Amino acid sequence: MTTERNHRSEPWAIDDSEFYELVNRREEMEFLLRYAVLAPSSHNTQPWTFTIVPEGIEVFADYTRSLPHVDGDSRELLMSVGAAIMNLRIAAAHFGFESAVLYHGSAYQTPPVALVTLKETCDPDLELSRLFPAILTRRTNRRPFDGEPVGPKALASLCDLADDHPDSVRFLLPQTRMRIAELVAQGDRLQMENRAVREELADWVRPARTNASDGICADAFGIPDLLTPVAASLIRKVDLGGMQARRDAQLVGTTPLLMMITAEDDQRSLLEAGQVLERLLLTATLAGLQYSFMNQPVQVTTLRALLTPLVRSPHPPQLLIRIGYAPPVARAMPRRNVRDVIQTR
Ligand SMILES: Cc1cc2nc3c(=O)[nH]c(=O)nc-3n(C[C@H](O)[C@H](O)[C@H](O)COP(=O)(O)O)c2cc1C
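A brief look at the structure comes next. On a predicted model such as this, the values are computed, not experimentally measured, just so you know.

## Focus: the environment of Pro316
Within the secondary structure layout, Pro316 lies in the loop between α13 (301–311) and β10 (317–324). Between the C-alpha atom of Pro316 and that of Arg304, which follows or precedes it by 12 residues, the distance is 8.4 Å. Contact partners of Pro316, with chain neighbours within four places excluded, come to Ile261, Thr262, Ala263, Glu264, Asp265 and Arg304.

Shown next as structure tokens:
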């Protein structure tokens with residue numbers, strides 16, 4: 001029988017020393033992909049598949065796992081795929097491969113969106129490999145933060161990342177925080193009064209003890225385990241937007257730090273933004289910080305227009321992230337088995 005342990009904890013319990021016992025390149029590529037699938041994705045849809053090829057790994061976006069009501073243009077879907085690409089490259093660097101990403105030029109949805117080339121090297125990218133330990137410990141943490149300001153060392157590591165990616169990483173000014181909190185709250189109300197949005201979310205919400213290998217277990221929202229089996233039907237039937245708005249406004253209003261991922265809305269820019277996002281989340285994790293997303297005002301088109309000037313970027317806002325300190329999330333979200341996302345040609 002499939003148990004909670006299988007899908008919630010086993011994908012995360014990787015013994016990296018096993019890599020050195022592998023006998024061929026295909027097994028090595030599969031092993032690297034076990035880290036790729038631990039990437040975050042919107043609603044934990046895991047919208048990716050992979051094909052192992054002689055040059056490396058082809059990456060596909062799985063549009064059957066899209067979220068038409070909150071992510072109609074599949075921007076978050078592509079950034080999720082980008083995050084998986086970054087985990088793959090970080091694991092590759094850790095195990096002695098150099099990687100490069102070749103993007104598919106066309107807008108067609110079926111070809112791979114990218115090819116990650118992988119070559120053995122004695123000189124792997126240390127900037128990537130130092131993030132490796134955080135792949136297994138990163139969790140999205142929706143709980144309140146303790147209010148402590150971000151320490152100087154942690155802040156310096158985020159500043160370094162922002163300096164390396166000036167086009168896609170922005171610190172939001174403290175004086176914009178209350179306005180942004182208002183926009184998040186408006187987003188919550190507008191989204192949750194829409195039955196289609198609630199149904200879409202409910203389709204991906206799982207009990208704490210689940211056999212599912214994807215979706216968000218409701219304990220991630222702070223719901224006690226015993227009540228998690230009814231969470232999906234509650235979300236489906238009841239508009240909890242007012243309650244959610246008050247909670248999120250409080251979370252944003254009291255967060256020590258707000259950051260934004262910005263990018264143009266085309267496929268390549270979004271895949272690149274997803275890679276930068278994962279670098280940011282892993283850098284924050286390594287620095288002992290917690291984070292969660294507050295993307296509602298990006299997802300609602302009218303609110304995105306109001307948010308844009310607050311971000312001070314030449315590129316449109318894509319993801320809003322609050323960062324601070326809190327006790328870490330103990331239980332990971334489920335993942336699909338890596339074999340289920342590897343396609344053969
Ligand atoms: C592009 C993207 C958008 C996301 N948007 C939200 C969001 O709006 N609200 C939220 O609570 N979590 C959001 N998440 C977090 C996912 O729900 C989370 O990654 C997923 O449930 C897996 O959990 P984990 O990150 O702890 O592994 C987002 C993640 C990604 C990659």
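After that view, the rundown keeps rolling.
## Some thoughts on the side chain of Glu28
With respect to the element layout, Glu28 can be found in helix α2 (residues 25–36). Buried charge without a partner: Glu28 forms no salt bridge, and the closest opposite charge is Arg25, 5.6 Å away. When neighbours within four sequence positions are excluded, Glu28 is seen to be in contact with Phe19, Leu22, Phe97 and Glu120.

## Quick look at the site of the ligand
In the vicinity of the ligand, 21 residues are found, and the nearest of them are Arg138, Thr140, Arg142, Asn295 and Arg335. The side chain of Arg138 places a nitrogen or oxygen atom 2.7 Å from an oxygen atom of the ligand. At a separation of 2.7 Å, an oxygen atom of the ligand approaches a polar side-chain atom of Arg142. Relative to its free-state accessible area of 620 Å², the ligand is covered by the protein chains to the extent of 92%. Here the ligand occupies the largest pocket. Those elements that provide at least two residues to the shell around the ligand are α3 (75–94) and β9 (290–293).

## Brief notes about the layout of surface pockets
Computed from the structure, the largest pocket encloses a volume of approximately 1,300 Å³. Lining of the largest pocket is provided by 47 residues; of these, His43, Arg142, Leu201, Ile216 and Phe221 occupy positions nearest its centre. Of all the elements in the fold, those that place two or more residues in the lining of the largest pocket are α3, α7 (177–192), α8 (195–203), α9 (231–237), α10 (241–253), β9 and α12 (296–299). Split into classes, the residues belonging to the lining of the largest pocket amount to 26 nonpolar, 12 polar and 9 charged. The volume enclosed by the second largest pocket comes to roughly 270 Å³. Elements that contribute at least two residues to the lining of the second largest pocket include exactly α3, α7, α12 and α13. For the lining of the second largest pocket, the element with the highest residue contribution is α3, accounting for 3 residues. Of the residues that constitute the lining of the second largest pocket, the class distribution is 6 nonpolar, 7 polar and 5 charged.

The rules we used
- Residues numbered from 1 in each chain as written.
- Predicted model: local features only at pLDDT ≥ 70, side-chain atom pairs only at ≥ 80, totals over all residues.
- Heavy atoms only, no water.
- Helix = DSSP H or I, 4+ residues; strand = E, 2+ residues; numbered from the N terminus.
- Contact = heavy atoms within 4.5 Å.
- Buried < 20%, exposed > 50% of the residue type's maximum accessible area, 1.4 Å probe, protein only.
- Lys, Arg positive; Asp, Glu negative; His and termini not counted.
- Salt bridge = Lys/Arg side-chain N within 4 Å of Asp/Glu carboxyl O.
- Near = heavy atom within 4 Å.
- Polar contact = N/O pair within 3.5 Å; in protein donor to acceptor, adjacent residues only side chain to side chain.
- Areas by Shrake-Rupley, 256 points an atom, 1.4 Å probe, with all protein chains shown as cover.
- 1 Å grid on protein atoms, 1.4 Å probe; cavity = no way out; pocket = protein on both sides within 12 Å on 5 of 7 lines; lining within 4 Å.
- Sits in = over half its atoms within 2 Å of the grid points.
- Points joined across faces, edges and corners; volume = space filled by probe spheres on them.
- Nonpolar A, V, L, I, M, F, W, Y, C, P; charged D, E, K, R; others polar.

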